[in-house]
Number of protein chains: 2
Amino acid sequence: MPQSSQILPLNRGKVGVRETQEGSSRRPINVDGIDQELVEKMVYDALAWSSIHGLVVGDRSVQRSSTVPGVGMVHAPFALLPMPFPKSQLKQAYELAPIFNELVDRVSLDAKFLQDSLSRTKIADPFTSRLVDIHSKMLEINKKEEIRLGLHRSDYMLDEQTKLLLQIEMNTISSSFEGLSGLVGKLHRSLLSYYGEFLGLDFKRIPDNASVSQLSAALARAWTEYNNPRAVVLFVVQAEERNMYDQHWLSIMLKEKHNISTLRKTLAEIDAEGKLLPDGTLVVSGQVIGIVYFRARYTPTDYPSESEWRARLFMERSSAIKCPSISYRLAGTKKIQQELAKPNVLERFLDDKEDIAKLRKCFAGLWSLDDSNIVRKAIETPELFVMKPQREGGGNNIYGNEVRETLIKLQKEGSEANASYILMQRLFPTVSPTFLVREGICYKDGVVSELGVYGAYLRNNEKVILNDQCGYLMRTKLASSDEGGVAAGFAVLDSLYLT
Amino acid sequence: MPQSSQILPLNRGKVGVRETQEGSSRRPINVDGIDQELVEKMVYDALAWSSIHGLVVGDRSVQRSSTVPGVGMVHAPFALLPMPFPKSQLKQAYELAPIFNELVDRVSLDAKFLQDSLSRTKIADPFTSRLVDIHSKMLEINKKEEIRLGLHRSDYMLDEQTKLLLQIEMNTISSSFEGLSGLVGKLHRSLLSYYGEFLGLDFKRIPDNASVSQLSAALARAWTEYNNPRAVVLFVVQAEERNMYDQHWLSIMLKEKHNISTLRKTLAEIDAEGKLLPDGTLVVSGQVIGIVYFRARYTPTDYPSESEWRARLFMERSSAIKCPSISYRLAGTKKIQQELAKPNVLERFLDDKEDIAKLRKCFAGLWSLDDSNIVRKAIETPELFVMKPQREGGGNNIYGNEVRETLIKLQKEGSEANASYILMQRLFPTVSPTFLVREGICYKDGVVSELGVYGAYLRNNEKVILNDQCGYLMRTKLASSDEGGVAAGFAVLDSLYLT
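Residues numbered from 1 in each chain as written. Chains lettered and ligands numbered in written order. Predicted model: local features only at pLDDT ≥ 70, side-chain atom pairs only at ≥ 80, totals over all residues. Heavy atoms only, no water.

**Considerations on the pairing of strand β17 (residues 421-425) of chain A**
Residues and elements named next belong to chain A. To be explicit about the condition: Each residue is placed in one exposure class: buried if its accessible area under a 1.4 Å probe, protein chains only, is under 20% of its type's maximum, exposed if it is over 50%, and partly exposed if it falls in between. Starting at the N terminus, helices and strands are each numbered in turn, a helix being any DSSP run of H or I of at least four residues and a strand any DSSP run of E of at least two. At least two DSSP bridges between two strands are required for those strands to pair.
Of all five residues that make up β17, four are buried, and the element is covered over most of its length. As defined by bridge partners, strand β15 (residues 366-368) adjoins β17 across three bridges and the pair is classed as antiparallel. Bridge pairing in β17 places W367 opposite L423. Pairing analysis gives five bridges linking strand β16 (residues 385-389) to β17, with the strands arranged antiparallel. Across the sheet, residue V386 finds its bridge partner in β17, namely M424.

Here it is as structure tokens:
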């Protein structure tokens, strides 16, 4: 990696350049050709715009910034310019959203498939085991979810070699950044409407992105189905959350556009303050809960004690709409993703051959560690694989030589731990230089990008009420941080520039 | 003063109450009757709302927060509820705005009046002296301002005893908070639209307040008169400015609504980077300046060296529209305010008897220290007077026993320093309890409020293009901090609840 260049914005739009980067741009946006003074002005304007338009997060260096809104705010990290992206492939990703929505729903109904697929993962991974247990308990009491709400996000990369849009993962829980993602597009439109002529860029090529209004409308529509005017939406949150403004965007939109109130609680608080009425109504802090919307509980650290598991189970048993239900949750695990990629599995859930072909086209290679041919190949050429543990939250993937070492270790141990990993084809997206802005400082460096497409699905018994894409999330990260995953590295929010 | 009660918002809307205050409310909003839990919810919602809607300032405890936008932000201090205010008196204040606008313009044209009135102040106060010198130099070169733009703010208090709306001062320079003031009304409308029914309050009684769009429209209209499509608006700013977002609101509005760019520079930078073309065109950093909009240079500390004075003079000589010009600047001094309050002085500038009566009705008692009767009275009953030095920026006023001591000292010295002060009738606004939120913490305490009304005036030669009120600023401060002035004490932004 060449060293990144750093541009420091000083007062009133002046920024000092520290270093410049060697390297040429292969992109429609010629970053190296942009005048330094122009970059400085744009950075200043972008910072001011972000601050007054709510493109903010909690500042990790300020106490209380992850617990109290309004204190210790800093602009969310963003790319200064939108990322070129083929229009046809955005269309493709948007078309995939309703198909994935339907697939998740169908898979969620096949309890045997979920249980069988996860039976070995369950033994190897205690966290998955607890989730599967909840699922089993719901089967025992024959719990049916008549109203099913899915707010998903499917993440993709554009593979440089094959030029294919390939899926990285499907998130059926806590598909975050819907509040902030649309703002970055607005920021870029605002910048290009003034500076576009100097850059040879047209702001109209940044697509509209109304994720927050579409996803809040989906929550509101589900709330209507629950049909209790006194009901509120429960946001299940982490005790500390620097990304709280992303969530506040959604809850303020729910209030201002749909007149629906929200309640924010941790799992521990729900355990302490919640109760289940005999008719199945969930009541937390005296308020009837229409929808349980999970913005936490997706990693083991969200369940430090039995209290959190008790709350999780207890909500699942209620008549509240869960977003996601335990079945939707399991349908979004990496193991299920890998099972669905096996030959003839999609056919069990979907009828439309075209839909199946579309899904399959975006599947990267996915294998379980039971496949000895693949394991051998991965030991020989680990640089072509990623090893993913059955966990969410990013930052846990294994790359490079560590893939080889881990596989050899697992082989020697002959361990059941095999089942807690899957192998995935490693994607090689284009690396291109761009400007990243974090904590008021602009960096120029090589980056790769990841496209997420939101989808909303709502069903009441036999009736599909909603099944659509809901805009996108573009995240751009230092190419050098690739091995840590977007969440772990220096990732910034970005928008698309359609080509 | 009873001790204030403090309510700490914790995570997810929980706030802990520290103490409660004794005392009854005489206001339509019965603060003491509001349920604690409701207050906690409202505080949390208000903090979240403020953060994503740009009701922010720089946090004094964070480095770079006064120089780089987007870092070290904290919500602007605000009152949780709007402040009851008689509709008739808001109407009165709005009607006064165009009359004051015209008065300032007329006074600004009477060079002899300005020079004579300030002749003694000039000797006593070096800062005023420099300003008057610039005025003299403009007279020498016979500089005429054909396009005159005034963006003023007249500040008032409601005197409890007389029930009169009385003027505190007229700001003809840097009438700040136009960006944030309207947001507080929106925040309160948002809160009352959900919580209003529990409080017995109707959000429709909070008047619209479009200061930022009206004042940016006035700047844009003046820019059009300057008639150079390449011209930009120069914001003359302080090197460090925690209230920068208030200014960014205005400049982003100028850009997004009117496609006019702004340039932010300190006086020292203007001295270094500016030049005057032979035809009088002002050029700073290579850009033609259509309007010089001062958001600094109103206190002596803004002029640490000759460089700043050079820049001030140099801009005054240019053909750019100054907001304000040196004549408008002088017309807004406290000494001129006091001169205008003398019998038969308004009549020199205005013809309309009704207008004159309206202005006079809002004048508090104002006297020079040459008036020995008043000085004697002030020594006897200092609690009925405020001594104001000829300086802007707040926090320099003298109250209580210090009035007596200062007057006696000045009498003994027989000093010329007399002329650097004026005496003003002390106003006694109603003290009422309310909730103030600062740095994420809610306090309940007794407060007093100050209403500012913005006005915009634009004239090109004989043609008056604009003369209107432009919304309001409501500031509420701890009654106990009264003696320090709004700016110095713990003041928060507020809105009006019309009664």
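**Focus on the relation of the copies chain A and chain B**
What counts here: Least squares is the method used to superpose the copies, on C-alpha atoms of residues holding a pLDDT of at least 70 in both. Here, residues are in contact when the closest pair of their heavy atoms is within 4.5 Å.
Once chain A has been moved 0.0 Å along the axis and rotated by 180°, it coincides with chain B to within an RMSD of 0.0 Å. Here the two chains are linked by the operation of a two-fold rotation axis. Across chain A, the smallest distance between a C-alpha and the rotation axis is recorded for A:M73, namely 2.4 Å. The fraction of interface residues of chain A whose copies in chain B are also interface residues reaches 98%, indicating that both copies meet through the same surface.

**Remarks on the sheet that holds strand β15 (residues 366-368) of chain B**
All names here are of chain B. As a reminder of what qualifies: Here, axes are lines fitted to C-alpha atoms. For helices the fit covers the stretch in contact, and angles between N-to-C directions go from 0 to 180 degrees.
If you walk across this open sheet you meet the three strands as β15-β17-β16, and the pairing is antiparallel. Among the strands making up the open sheet, the edge pair consists of β15 and β16 (385-389). For this sheet, the mean inter-axis angle between neighbouring strands, taken without regard to orientation, is 30°.

**Looking at unusual backbone geometry**
Residue and element names in this part refer to chain A. With an omega of 5°, the peptide bond between C323 and P324 qualifies as cis. By the secondary structure assignment, P324 is in the loop between β14 (321-323) and α10 (326-331). Not every positive phi belongs to a glycine, and R64 is a case in point at roughly 75°. Mapped onto the elements, R64 comes out in the loop between β3 (56-58) and β4 (73-75). The exposure class of R64 is partly exposed, given its relative accessible area of 31%. One non-glycine residue with positive phi stands out, namely E439, at about 50°. Along the chain, the position of E439 falls in the loop between β18 (432-438) and β19 (441-460).

**Considering the domain arrangement of chain A**
Using the following cut-off: An automatic or database domain assignment provides the domain bounds reported here.
Per the domain assignment, the segments of chain A are domain 1 (5-365 + 432-498) and domain 2 (366-424). A separation of 26 Å is found between the C-alpha centroids of domain 1 of chain A and domain 2 of chain A.

**Some points on the interface of chain A and chain B**
Often, the extent of an interface is quoted as the loss of accessible area on bringing the components together. Inclusion rule: Buried area: the accessible area, evaluated with a 1.4 Å probe, that two parts lose upon being put together, summed over both parts. We define a salt bridge as a contact between a side-chain nitrogen of Lys or Arg and a carboxyl oxygen of Asp or Glu at a distance within 4 Å. Identification of polar contacts relies on pairs of N or O atoms within 3.5 Å, with a donor-acceptor requirement for protein atoms, meaning one able to donate a hydrogen and the other able to accept it, and with residues adjacent in sequence counted only if both atoms are side-chain atoms.
The interface is formed by 49 residues belonging to chain A together with 48 residues belonging to chain B. Contact between chain A and chain B buries roughly 4000 Å² in total, counting both sides, with carbon and sulfur atoms accounting for 55%. The tally of links from chain A across to chain B stands at two salt bridges. The partner of A:D45 in a salt bridge is B:K255, with the nearest N and O atoms 2.6 Å apart. At the boundary of chain A with chain B, the tally comes to 21 residue pairs in polar contact (both at pLDDT 80 or more).

**A closer look at the pattern of salt bridges**
Under the definition given, this model contains 61 salt bridges over all chains. Of the charged contacts, one joins A:E145 and A:K322 as a salt bridge, the two residues approaching to 2.9 Å between their closest N and O atoms. Separated by 177 residues along the polypeptide, A:E145 in the loop between α4 (126-140) and β7 (147-158) and A:K322 in strand β14 bring together distant segments of the chain. The salt bridge involving B:E462 is made with B:R459; its shortest N-O contact spans 3.9 Å. Classification of B:E462 as exposed rests on a relative accessible area of 69%. With a relative accessible area of 13%, B:R459 lands in the buried category. Through salt bridges with shared partners, a single ionic network connects A:D105, A:R148, A:R459 and A:E462.

**Some points on helix α2 (residues 87-109) of chain B**
We count it as follows: Given a helix with a known number of residues, its expected span is that number minus one, times 1.5 Å. Note on bend: at a given residue it equals the angle between the axes fitted to the 7 residues ending there and to the 7 starting there.
With 23 residues, α2(B) should reach 33 Å at 1.5 Å per residue; the first-to-last C-alpha distance of 34 Å fits that figure. Its axis deflected by about 25° at B:A97, α2(B) carries its strongest bend there, up to four residues before the proline B:P98.

**Topic: the sheet that holds β17(A)**
Residue and element names in this part refer to chain A. On the basis of which strands lie adjacent, the open sheet formed by three strands has the order β15-β17-β16 and antiparallel pairing. The sheet terminates laterally at β15 and β16, the two strands that pair on one side only. Each strand of the sheet is rotated relative to its neighbour by a mean of 30°, with strand direction disregarded. Against the sheet, helix α15 (residues 401-413) touches β16 and β17, its axis set at about 55° to β16.

**Brief notes about the packing of aromatic side chains**
Quick note on the threshold: When the centres of two rings from Phe, Tyr and Trp lie within 6.5 Å, Trp using its six-membered ring, the rings pair. Their planes under 30 degrees apart give stacked, over 60 give edge-to-face, and anything left gives tilted. Either the NZ atom of lysine or the CZ atom of arginine qualifies as a charge over a ring when it sits within 6 Å of the ring centre and within 35 degrees of the ring normal.
All told, the structure shown has ten aromatic pairs over all chains when counted by the stated rule. Between B:F127 and B:W309 the ring centres are 5.7 Å apart and the planes differ by 55°, which places this aromatic pair in the tilted class. Taken together, the residues span a long stretch of sequence, with B:F127 in helix α5 (residues 126-140) and B:W309 in helix α10 (residues 306-317) at a distance of 182 residues. Residue B:F127 shares its accessibility class with B:W309, and that shared class is buried. Lying over the aromatic face of B:Y194, A:K255 brings its terminal NZ or CZ to 4.9 Å of the ring centre.

**Some words on helix α9 (residues 306-317) of chain A**
All names here are of chain A. Counted at 1.5 Å a residue, the expected span for α9 with its twelve residues is 16 Å, and the 17 Å between its end C-alpha atoms agrees. Inspection of α9 places S307, E308, W309, A311, R312, F314, M315 and E316 among the buried residues, and these make up the whole buried set. By the N-cap criterion, in which a side-chain oxygen at the helix start approaches the backbone nitrogen of a residue two or three places on, α9 is capped by S305, the distance to S307 being 3.2 Å.

**Quick word on the environment of A:N228**
All names here are of chain A. Secondary-structure assignment places N228 in the loop between α6 (211-226) and β9 (232-236). By relative accessible area, which is 19% here, N228 ends up buried. C-alpha of N228 to C-alpha of T333: the two residues are 105 residues apart in sequence and 32 Å apart in space. Sequence-distant contacts of N228, that is, excluding residues within four places in its chain, are made with W223 and V288.

**Some points on the packing of helix α1 (residues 36-52) of chain A against helix α5 (residues 178-199) of chain A**
Residue and element names in this part refer to chain A. Put simply, the test is: The scheme is simple: roughly parallel for angles under 35 degrees, roughly antiparallel for over 145, roughly perpendicular for 65 to 115, oblique for anything else. By definition, any crossing whose near helix is turned counterclockwise from its far helix by less than a right angle is left-handed, and any crossing with a clockwise turn is right-handed. Following the grouping adopted for this structure description, the nonpolar residues are Ala, Val, Leu, Ile, Met, Phe, Trp, Tyr, Cys and Pro, the charged ones are Asp, Glu, Lys and Arg, and the polar ones are all others, Gly among them.
Here α1 crosses α5 at 150°, and the two axes come no closer than 10 Å. Classified by the interaxial angle, the pair formed by α1 and α5 is roughly antiparallel. Helix-helix and strand crossings are classified by hand; for α1 and α5 the assignment is right-handed. Two secondary-structure elements touch here, α1 through L38, K41, M42, D45, A46, W49 and S50 and α5 through L183, K186, L187, S190, L191, Y195, F198 and L199. Here the residues of the contact of α1 with α5 sort into ten nonpolar, two polar and three charged.

**What to know about the pairing of strand β18 (residues 432-438) of chain B**
Residues and elements named next belong to chain B. Summarising burial for β18: six of the seven residues are buried, a large majority. Across two bridges, the pairing between strand β5 (residues 78-79) and β18 is antiparallel. Considered in β18, the bridge of F78 is made with V437. The sheet contact formed by β18 and strand β19 (residues 441-460) spans seven bridges and is antiparallel. Residue pairing for β19: F435 is matched across the bridge by K444. Counted along the chain from β18 to the antiparallel partner β19, the turn is two residues long, and its residue E439 has a positive phi close to 50°.

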